[in-house]
Amino acid sequence: MSARTTFHIRTLDPLKDAELVHGWVTHPKAAFWLMGDAQLPDVEREYMAIAAAEHHDAYIGERDGEPVFLMERYHPAHVELVGLYEPEPGDVGMHFLVAPTDTPEHGFTRAVITAVMEHLFADPAVRRVVVEPDVRNTAVHALNAAVGFVPDREIDKPEKRALLSFCTREQFHAATGRSLV
């Protein structure tokens, strides 16, 4: 894996991408995505709702024209974390999911989360990224730490006990050496 893998991030098309995303979110490796039992129409509805939402967006990440990850961006004052923490100006929430594969590449998932963070911080209004993964998802906690996230506290969401964590531009730069605007 090259030190600087290039990804293209595009808006998810709920109808064209639903079958692809359905295979990803229902795969056993995506257990923490909480859609393991979802049927194709469930995935279509979920991403049509996100596409119509004012404060939530979904994207597909591609490498060499091939879809390889799913990313969601949300405004935590309106989606996911309402009433669970005090949002600050410039906060943006994020979820990401790497497509399952039978031929994993060393460092690929870290390259994906780095690209996701660079994409989010490309918006000059974003000052801090907020995540709330399941407390049991130790693999994503390690990835989050590798790009600069600092755990704040555990919170109770309706669907899970989550580890609320934050990453500022400065923390991302210190962890990765990537400079941002």
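Right above here is the structure, for reference.
Owing to the predicted nature of the structure, the values given are computational and were not obtained by experimental measurement.

**Quick word on the environment of Pro158**
Then, number 1: As for its placement among the helices and strands, Pro158 is situated in the loop between β6 (150-156) and β7 (161-168).
Then, number 2: Separated by 72 residues in sequence, Pro158 and Glu86 have C-alpha atoms that sit 18 Å apart.

**Digging into the layout of surface pockets**
Then, number 1: In this structure, the largest pocket spans a volume of roughly 1200 Å³.
Then, number 2: Lining the largest pocket are 44 residues, and of these Lys29, Trp33, Phe96, Leu97 and Val98 lie nearest its centre.
Then, number 3: If you list the elements that add at least two residues to the lining of the largest pocket, you get α2 (40-52), β2 (56-63), β3 (66-74), β4 (91-98), α3 (108-121) and α4 (138-146).
Then, number 4: The leading source of residues in the lining of the largest pocket is β4, at five residues.
Then, number 5: In terms of residue class, the lining of the largest pocket is made up of 24 nonpolar, eight polar and 12 charged.

**Brief notes about the packing of α3 against helix α5 (residues 169-176)**
Then, number 1: One can describe the packing of α3 onto α5 by two numbers: an axis separation of 11 Å at closest approach and a directional angle of 145°. Two packed elements cross with a definite hand, and for α3 against α5 that hand is left-handed. Taking contact as the criterion, the partners of Arg110, Thr114, Met117, Glu118 and Phe121 in α3 are, on α5, Arg169, Phe172 and Ala175.
Then, number 2: Partitioned by chemical class, the residues of the contact of α3 with α5 number four nonpolar, one polar and three charged.

**With respect to the sheet that holds strand β5 (residues 128-131)**
Then, number 1: What the seven strands build is an open sheet, ordered β1-β2-β3-β4-β5-β7-β6; its pairing is mixed. Both edges of this open sheet fall to β1 (8-11) and β6, since each of them pairs with a single strand only. Within the sheet, the average angular offset between the axes of one strand and its neighbour, ignoring direction, is 30°.
Then, number 2: In the sheet, β6 pairs with β7 via six bridges, with the strands oriented antiparallel. Bridge pairing in β7 places Val150 opposite Phe166.
Then, number 3: In this fold helix α1 (residues 18-25) packs onto β2, β3 and β4, with an angle of close to 85° to the strand it touches most, β3.
Then, number 4: Running at roughly 110° to β2, α2 makes contact with β2 and β3 of the sheet.

**A few points about the side chain of Ser165**
Then, number 1: Looking at where Ser165 falls in the secondary structure, it is placed in strand β7.
Then, number 2: The class of Ser165 is buried, set by a relative accessible area of 4%.
Then, number 3: Those residues in contact with Ser165, other than ones at most four positions away along the chain, are Val129, Val130, Val131, Phe149, Val150, Pro151 and Asp152.

**Overview of the side chain of Asn144**
Then, number 1: Relative to the elements of secondary structure, Asn144 occurs in helix α4.
Then, number 2: Residue Asn144 is classed as buried on the basis of its relative accessible area of 5%.
Then, number 3: Excluding residues that lie within four positions of it along the chain, Asn144 makes contacts with Ile113, Val131, Pro133 and Phe149.

**Structural notes on the pattern of salt bridges**
Then, number 1: The final tally for this structure, using the stated rule, is 16 salt bridges.
Then, number 2: Measuring nitrogen to oxygen at the nearest pair gives 2.9 Å for the salt bridge that ties Arg161 to Glu154.
Then, number 3: Arg161 gets classed as partly exposed once you look at its relative accessible area, which sits at 35%.
Then, number 4: In this structure Glu154 comes out as partly exposed when scored by relative accessible area, which is 41%.

**Structural notes on the environment of Ala162**
Then, number 1: Relative to the helices and strands, Ala162 is located in strand β7.
Then, number 2: Residues Ala162 and Pro124, spaced 38 residues apart in sequence, show a C-alpha to C-alpha distance of 28 Å.
Then, number 3: Sequence-distant contacts of Ala162, that is, excluding residues within four places in its chain, are made with Glu132, Pro133, Asp134, Val135, Arg153, Glu154, Ile155 and Lys157.

Definitions and limits used
Residues numbered from 1 in each chain as written. Predicted model: local features only at pLDDT ≥ 70, side-chain atom pairs only at ≥ 80, totals over all residues. Heavy atoms only, no water. Helix = DSSP H or I, 4+ residues; strand = E, 2+ residues; numbered from the N terminus. 1 Å grid on protein atoms, 1.4 Å probe; cavity = no way out; pocket = protein on both sides within 12 Å on 5 of 7 lines; lining within 4 Å. Points joined across faces, edges and corners; volume = space filled by probe spheres on them. Nonpolar A, V, L, I, M, F, W, Y, C, P; charged D, E, K, R; others polar. Axes fitted to C-alpha atoms, helices over the stretch in contact; angles between N-to-C directions. Left-handed = near helix turned anticlockwise from the far one by under 90°. Contact = heavy atoms within 4.5 Å. Pairing = 2+ DSSP bridges. Buried < 20%, exposed > 50% of the residue type's maximum accessible area, 1.4 Å probe, protein only. Salt bridge = Lys/Arg side-chain N within 4 Å of Asp/Glu carboxyl O.

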